[in-house]
Amino acid sequence: KNEVEQSPQNLTAQEGEFITINCSYSVGISALHWLQQHPGGGIVSLFMLSSGKKKHGRLIATINIQEKHSSLHITASHPRDSAVYICAVFFTPDTGNQFYFGTGTSLTVIP
Amino acid sequence: KAGVTQTPRYLIKTRGQQVTLSCSPISGHRSVSWYQQTPGQGLQFLFEYFSETQRNKGNFPGRFSGRQFSNSRSEMNVSTLELGDSALYLCASSLADDYEQYFGPGTRLTVT
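Only a predicted model underlies this, so the values are computations on that prediction, with no experimental measurement involved.

(A) Focus on the overall build of chain B. Along its length, chain B carries zero helices and 11 strands. The order of α-helices and β-strands along chain B, N terminus first, is β-β-β-β-β-β-β-β-β-β-β. Relative to the globule expectation of 13 Å for 112 residues, the C-alpha radius of gyration of chain B, 13 Å, shows essentially globular dimensions. Reported as C-alpha extents along the three principal axes, the dimensions of chain B are approximately 35 × 25 × 25 Å. Burial statistics for chain B: of 112 residues in total, 48% are counted as buried.

(B) The sheet that holds strand β8 (residues 69–74) of chain A, seen in detail. All names here are of chain A. Pairing is antiparallel across the open sheet formed by five strands, whose spatial order is β1-β3-β8-β7-β6. Since the sheet does not close on itself, it has two edges, and those belong to β1 (4–7) and β6 (52–56), each with one partner. When strand polarity is set aside, the average angle formed by the axes of neighbouring strands in this sheet is 15°. Where strand β3 (residues 19–25) meets β8, six bridges bridge the pair, whose relative direction is antiparallel. Pairing of I19 across the sheet is with I74, part of β8.

(C) Local environment of the interface of chain A and chain B. Listed as interface residues are 14 residues of chain A and, on the opposing side, 16 residues of chain B. Regarding the contact of chain A and chain B, the summed buried area is about 1400 Å², with carbon and sulfur atoms giving 57% of it. Contributions of two or more residues to the side of chain A that touches chain B are made by β4 (31–37), β5 (43–49), β9 (83–91) and β10 (98–101) of chain A. Its residues assigned to classes, the side of chain A that touches chain B shows seven nonpolar, seven polar and no charged.

(D) Main features of the pattern of salt bridges. If you walk through the whole model with that rule in mind, you get six salt bridges over all chains. R58(A) is paired through a salt bridge with D81(A); the nearest N and O atoms lie 2.8 Å apart. You can see R58(A) sitting in the loop between β6 and β7 (59–64) and its partner D81(A) sitting in the loop between β8 and β9, a full 23 residues away along the chain. Residue D81(A) is classed as buried on the basis of its relative accessible area, which comes to 7%. For R63(B), the salt bridge goes to E82(B), with nearest N and O atoms at 3.6 Å. Taken as a pair, R63(B) in the loop between β6 (53–57) and β7 (64–68) and E82(B) in the loop between β8 (74–78) and β9 (87–94) lie far apart in primary sequence, 19 residues in all. Each of R63(B), E82(B) and D85(B) takes part in one network of salt bridges that share partners.

(E) Inspection of the packing of aromatic side chains at higher detail. Counted according to the given criterion, the structure contains eight aromatic pairs over all chains. Aromatic side chains F47(B) and Y49(B) sit 5.7 Å apart centroid to centroid with 75° between the ring planes, which places their arrangement in the edge-to-face category. Using a relative accessible area of 0% as the deciding quantity, one classes F47(B) as buried. For Y49(B), a relative accessible area of 4% corresponds to the buried category. Between F60(B) and F64(B), the ring centres sit 5.2 Å apart and the planes meet at 65°, which makes this aromatic pair edge-to-face. Each of the two residues, F60(B) as well as F64(B), counts as buried. Through a chain of ring-to-ring contacts, three or more aromatic side chains come together here, namely F90(A), F99(A), F101(A), Y35(B), F45(B) and F103(B). Its guanidinium or amino end placed over the ring of F50(B), R55(B) lies 4.2 Å from that ring's centre, counting from NZ or CZ.

(F) Layout of the nonpolar core. Of all hydrophobic cores here, the largest spans 25 residues; its most connected members are I29(A), L32(A), W34(A), L72(A) and Y85(A). Elements that contribute at least two residues to this core include exactly β3, β4, β5, β7, β8, β9 and β11 (105–110) of chain A. It is β9(A) that provides the largest number of residues to this core, a total of five residues. Those residues in contact with L32(A), other than ones at most four positions away along the chain, are C23(A), Y25(A), F47(A), M48(A), L49(A), I63(A), S70(A), C87(A), A88(A) and V89(A). Counting residues in each nonpolar core, the second largest holds 21 residues, with I26(B), W34(B), M76(B) and V111(B) among its members.

So, how was this worked out
Residues numbered from 1 in each chain as written. Chains lettered and ligands numbered in written order. Predicted model: local features only at pLDDT ≥ 70, side-chain atom pairs only at ≥ 80, totals over all residues. Heavy atoms only, no water. Helix = DSSP H or I, 4+ residues; strand = E, 2+ residues; numbered from the N terminus. Rg over C-alpha atoms; globule rule 2.2 N^0.38 Å. Buried < 20%, exposed > 50% of the residue type's maximum accessible area, 1.4 Å probe, protein only. Pairing = 2+ DSSP bridges. Axes fitted to C-alpha atoms, helices over the stretch in contact; angles between N-to-C directions. Contact = heavy atoms within 4.5 Å. Buried area = accessible area lost by both parts, 1.4 Å probe. Nonpolar A, V, L, I, M, F, W, Y, C, P; charged D, E, K, R; others polar. Salt bridge = Lys/Arg side-chain N within 4 Å of Asp/Glu carboxyl O. Phe/Tyr/Trp six-rings, centres within 6.5 Å; stacked < 30°, edge-to-face > 60°. Lys NZ or Arg CZ within 6 Å of the ring centre and 35° of its normal. Core = buried A, V, L, I, M, F, W, Y, C linked by side-chain atoms within 4.5 Å.

This is the structure in structure tokens:
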């Protein structure tokens, strides 16, 4: 059973294209995180969302709590955006706070 | 402010040995979480410490343990290493539960 589903698993885009990565989850959450991981392993937290929409530069993240769905958009994609994008949900079951991760979307942006 | 640091960055151990990994959080951060990342299972939550207390634990065997010191530095220990423990171990710090997490560079553990 996978609490977090991401799509697509792999994505190749031409530089300048608009990109959307989707995340669906099955549990009631406290917050959802979008993470970026570059080759070599370093992870950067891009957004933490509990409702609505956030924007940072060319990145936009939205969340619909009722539908248990979030999207990460990249406008005017650039080769430096090539990375793995991971959706993570944070929730509090009876057993205490838990983090569940999607399997990631590998994005390659071609010049 | 210095970021999250992890030591060592790379480690090779033999099956049956034990290993201790260290994580120094960003100054002022009291929460430290540990994660395991493998090609097969992806990222998985190990445990979280806050003010020297383990608050949450993921679904890992008792061979995985950790602690946090009064200066918020944290260590995780894996005893009786198995080949399947080969992974990238990441720690992340945050001010509290509902704050952004900052990840360290990870420790890549290889068990032979």
